[in-house]
Structures are given as C-alpha cells and as structure tokens.
Amino acid sequence: MITEYLSPPAAAARSSGLQTALWNVQQTAGRLGLAKDITRRIIEPAEQITTRIHPVTHDGRMLHAKVFLVRHNDALGPTKGGIRMTSTVSLNEITGLAMEMTWKTSLIGVPFGGGKSGIRYDPNRLKPSEKEVLIRGFIRGVRRHVGPEIYVPAPDMGTNEQDMGHIRDCISYSGAVSITTGCFVTGKPVILGGIPGRREATGYGVVSTIAAACERLDLNLSNLRVAVQGFGNVGSVTASLLSQHGATIVAVSDISGGISNPDGLNVPELIEHVQTSGNVKGFHGGTEIPLEEVLEADCDVLVPAATHSAITEENAGRIRSRIIAEGANAPMTPLADDILRQRSVFVIPDILCNAGGVFVSYLEYTQETQRDQMTLEEVQHRLNHRMKSTFEMVFSHAQKTHSTMRQAAMDIAVARVRDGIIARGLLP
Ligand code: GLU
C-alpha cells in the first residue's frame, strides 16, 4: 500500500527499523529529485510472505513458528540477506531489513538485490537438534521463494553456519542429490562449499571502515578507545580485531549487562568467558555497569552491534565518542542521527560499515557457482580492498556534496538501484 510505505515525516519520531529505513529512503528520494512513480517503485517491497510452520521434534513435541520472507528489490540481481531468528521478529522488521539489504548490496557493488527472512522463535530455548528441526521446517515452508536466482539466505541474528549447513542439506537431498546447481545459501560450513572467513567477515569489514575513517580523520587505530554494544558475532569479532590492532576496548555489553575497564578489557578472556557462561555478566576483568552506559562510555569509537534503535533522541546527546561505526542495522533513529550530525559525530552508516558480510557472501556465491576454492588470504584481501574503496567513494561524495556519510551512501546506493530499474526498462 503506497500510504503504508510513503507515510510522511512522522516516521522520524518513531523508532522501528522499518520507519528508520523508510525515513532514510524518502529523504534520499528528495535529494535525488526522484519522480513519485519511481520513488514508489523503489520503496515498495516486491514480495512479502508470512507463513506458519509446525515441525515436530525428535521427542514428539510440535514447534509452532511464524515465518517471514521479504524480497524487496531485485533490479540489480537475486535478492540477498540473512535469516533472523528472535522471539519478536515481525514482518515489518524483516521488510525494513530487506530494504536495507537493497541499499547495502548496491553500495558495496555486488550483483544482488535486497531480501531478508525471519523465524519468530527464541533460539536460546532450543536444543541443537530442535533448532535443526525448526530450520529444516523453515526452508521447507519457504522453499519455492529460495534459489540462486530468487532469494539466497545467509546467517543473521540468531542463526549461524551450522543452520546454513542444514539448509544446504535439506535443499540438495530433497532432489536426492549431493550437490546443488548454483548457490542456494551462503555462510555455510567450509566443508560444504562455504568460504573461509565468512563468519568473521562483518566484523572484519567494520574494522576496515574504522581504519579508513582513522586515516581520514588523522587518528591512530592503535590509540583508539572503543566501546562495543552487543557481543554477538559482529561485536565480538570487531572487539577482538581492534584489540589485536592495539586499540583499548573500554566497555562492552550484551543483553545480560555491561562491563567496563578504562585500562582495557582482555578480549580473548572475555570471549572465553562468554563461551562458557553464555554472556558477559560475571566477567572478572572489569566492573559491571548498566547496559545503557556502554553507549555513553568515554571513548573515541562507539560500535553499536546489537539491534535497531539503540541510539535515540533520548540518549544521543550523552554519547561521547567521536566516531560511531554502525555494526548493527539501523542502530539509530532519524532524530538521533540529526542530533549527532549537529554535534559533528562522524557516523559510518550501517549500509557501508556492516556490508563485509554480504560482500563475502558474494565471494561464496561466485566460488560455488564456478566450483572454485578461495583461500582466507584472498578473501580478506578482496574484502579489505572493497571496504576501503567503498569508504573512499562515500567519503569523497560526502565532501563534494556537503552531506553526511549516511546521506552520501544512500544517494549512491539508491541512484544505482534507480539506474538499474531504468536500464532494464519500465515495462513489466
Ligand atoms: N545478515 C547479514 C547482513 O545483514 C549478511 C547477509 C548476507 O550475507 O546475505 O548484512
């Protein structure tokens, strides 16, 4: 419904990921001077699916889950994006994330469109064998919307490479064959055609963009004081790589709470603690602090790497970092974005900062299609190079147009999608 997706600026005051995505694209359409019809064509999702699955576990328990799949736009290629599994995921959330994937793939320059899927279930309530049953139920439920030329899933919050292995197995064996023709899913275990370095790719890319920002802002990476909000895959890899570069990780949080140490947290020990106890709480190498204080820590770089809308107009004024590197998708609301712009905080926007994951998914897709094998060195070299060159492109566009990094990134990404739509032709 056009009214649903083109609702006016009230969006700025709200804080859902979809509202943030809509606000950002509407502002971009205005800056690019897009005609109303093209704007509508760019904004409205191509396909939104809600379905329900009821797989049965090995001990006879029936699981009930609502499942979502959104293909937002495929002008530049098959839709790409992860599978989010949380207890609260909704069609709106998946729609906003699919839209973000359209801009992310466009900006980082890979031949994909934007998609996303979701399973509403708390993964922490499942034993590994139960999660496998749910994942297999999911892929069976959405099978006809998945394929190398339609939608190619990957890990996202609540899913991992083991889950992608089950998806790969489910698809090939439903055809009674060992392999698939082409790539149906990325982020698989390496032994099944996955690519080395995919699990670390998003965090690795976050660090590449922080390094590029340091060069431009005349800062030394090894002197940085960093706070990381969210200690899942993206947050923990980012913290670990930054500390290997000599940066000091002064505060970290996850859902269980925050932990700080002005002299620097020992990241390998913290990771070990999280692996054994499940979360950061109770780590002895720091002082416990309230969750929200991690965002307001005294630091040079803040990495929000949890979920959407962590930074709002309420706390944006208290943020003390000079750089915000958006490891998560849509971690700040439009009003917070505005406050931080006025305070001259340098924001590396999500569609640039966390695009390393999907870039390496693209390498996995091409590797599998060509039955090729890439080494970790090749993957990291290409990833670092692509993150840095895209950062430079966005940075110089921002300078030239006197805009923020987010505005510049969105302008480039949306203009490419528009060009793709027009180059294809507007007939059905
Ligand atoms: N879930 C990741 C993202 O939000 C990766 C998606 C992919 O590799 O397709 O960018």
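Note that the coordinates shown come from a computational prediction; the quantities given were computed from them, not determined experimentally.

Participant: Just to check I follow, could you spell out the sheet that holds strand β8 (residues 248-254) for this structure?
Facilitator: Across a sheet, paired strands are connected by hydrogen bonds in the backbone, their directions being either parallel or antiparallel. Strand order in this open sheet of seven strands is β10-β9-β8-β7-β11-β12-β13, and the pairing throughout is mixed. Every interior strand has two partners, whereas the edge strands, β10 (287-289) and β13 (346-348), have only one. Across the sheet, the mean angle separating the axes of adjacent strands is 20 degrees when strand polarity is ignored. Across four bridges, the pairing between strand β7 (residues 225-229) and strand β11 (residues 301-304) is parallel. Bridging from a neighbouring strand, Q229 pairs with P304 of β11.

Participant: Would you mind showing me how to read helix α7 (residues 198-217) here?
Facilitator: Residues spaced three or four apart along an α-helix point in a common direction, a consequence of the helix completing one turn every 3.6 residues. Between its first and last C-alpha atoms α7 spans 29 Å; for 20 residues at 1.5 Å apiece the expected length is 28 Å, and the two agree. Among the 20 residues in α7, 15 count as buried, and that is most of the element. Among the residues trailing α7, D218 stands out with phi positive, at a value near 60 degrees.

Participant: Honestly, the nonpolar core in this entry has me stumped. Any pointers?
Facilitator: Taken as a class, soluble globular proteins show a tendency for nonpolar side chains to be buried jointly. Counting 64 residues, the largest nonpolar core has W103, I210 and I348 as its most contacted members. For this core, the leading source of residues is helix α14 (residues 405-424), giving nine residues. Ignoring any residue separated from it by four or fewer positions in sequence, one finds I348 in contact with T209, I210, A213, I323, I324, A325, E326, C353 and F391. Of all hydrophobic cores here, the second largest spans 24 residues; its members include I49, I83, Y121 and F138.

Participant: Before we go on, may I ask you to explain the side chain of N354 in this structure?
Facilitator: Inspection of the secondary structure assignment puts N354 in the loop between α11 (350-353) and α12 (356-370). Within the structure, the side chain of N354 is placed 3.1 Å from the backbone oxygen of A328, a separation counted as a polar contact. Leaving out residues up to four positions away in the same chain, N354 has contacts with K104, T202, V206, E326, G327, A328 and N329.

Participant: Please clarify how the site of the ligand should be interpreted in this entry.
Facilitator: In the vicinity of the ligand lie 14 residues, with K80, K104, D156, R198 and S361 positioned nearest. Here an oxygen atom of the ligand sits 3.4 Å away from a polar atom, N or O, in the main chain of G81. One nitrogen or oxygen atom from the side chain of D156 is found 2.8 Å from a nitrogen atom belonging to the ligand. Of all the elements in the fold, those that place two or more residues in the shell around the ligand are α4 (91-108) and α12. For the shell around the ligand, the element with the highest residue contribution is α12, accounting for three residues. Its residues assigned to classes, the shell around the ligand shows four nonpolar, five polar and five charged.

Participant: Teacher, can you tell me more about the packing of aromatic side chains here?
Facilitator: Under the counting rule described, the total for this entry stands at six aromatic pairs. Look at F112 and Y365: their rings are 5.0 Å apart centre to centre, the planes differ by 90 degrees, and that puts the pair in the edge-to-face class. Taken together, the residues span a long stretch of sequence, with F112 in the loop between α4 and β5 (113-120) and Y365 in helix α12 at a distance of 253 residues. The pair formed by F112 and Y365 is uniform in burial state, with each residue classed as buried. Taking the centre distance of 6.0 Å and the plane angle of 15 degrees together, the rings of F391 and F395 count as stacked.

Criteria and thresholds
Residues numbered from 1 in each chain as written. Predicted model: local features only at pLDDT ≥ 70, side-chain atom pairs only at ≥ 80, totals over all residues. Heavy atoms only, no water. Pairing = 2+ DSSP bridges. Helix = DSSP H or I, 4+ residues; strand = E, 2+ residues; numbered from the N terminus. Axes fitted to C-alpha atoms, helices over the stretch in contact; angles between N-to-C directions. Expected span 1.5 Å × (residues − 1). Buried < 20%, exposed > 50% of the residue type's maximum accessible area, 1.4 Å probe, protein only. Core = buried A, V, L, I, M, F, W, Y, C linked by side-chain atoms within 4.5 Å. Contact = heavy atoms within 4.5 Å. Polar contact = N/O pair within 3.5 Å; in protein donor to acceptor, adjacent residues only side chain to side chain. Near = heavy atom within 4 Å. Nonpolar A, V, L, I, M, F, W, Y, C, P; charged D, E, K, R; others polar. Phe/Tyr/Trp six-rings, centres within 6.5 Å; stacked < 30°, edge-to-face > 60°.

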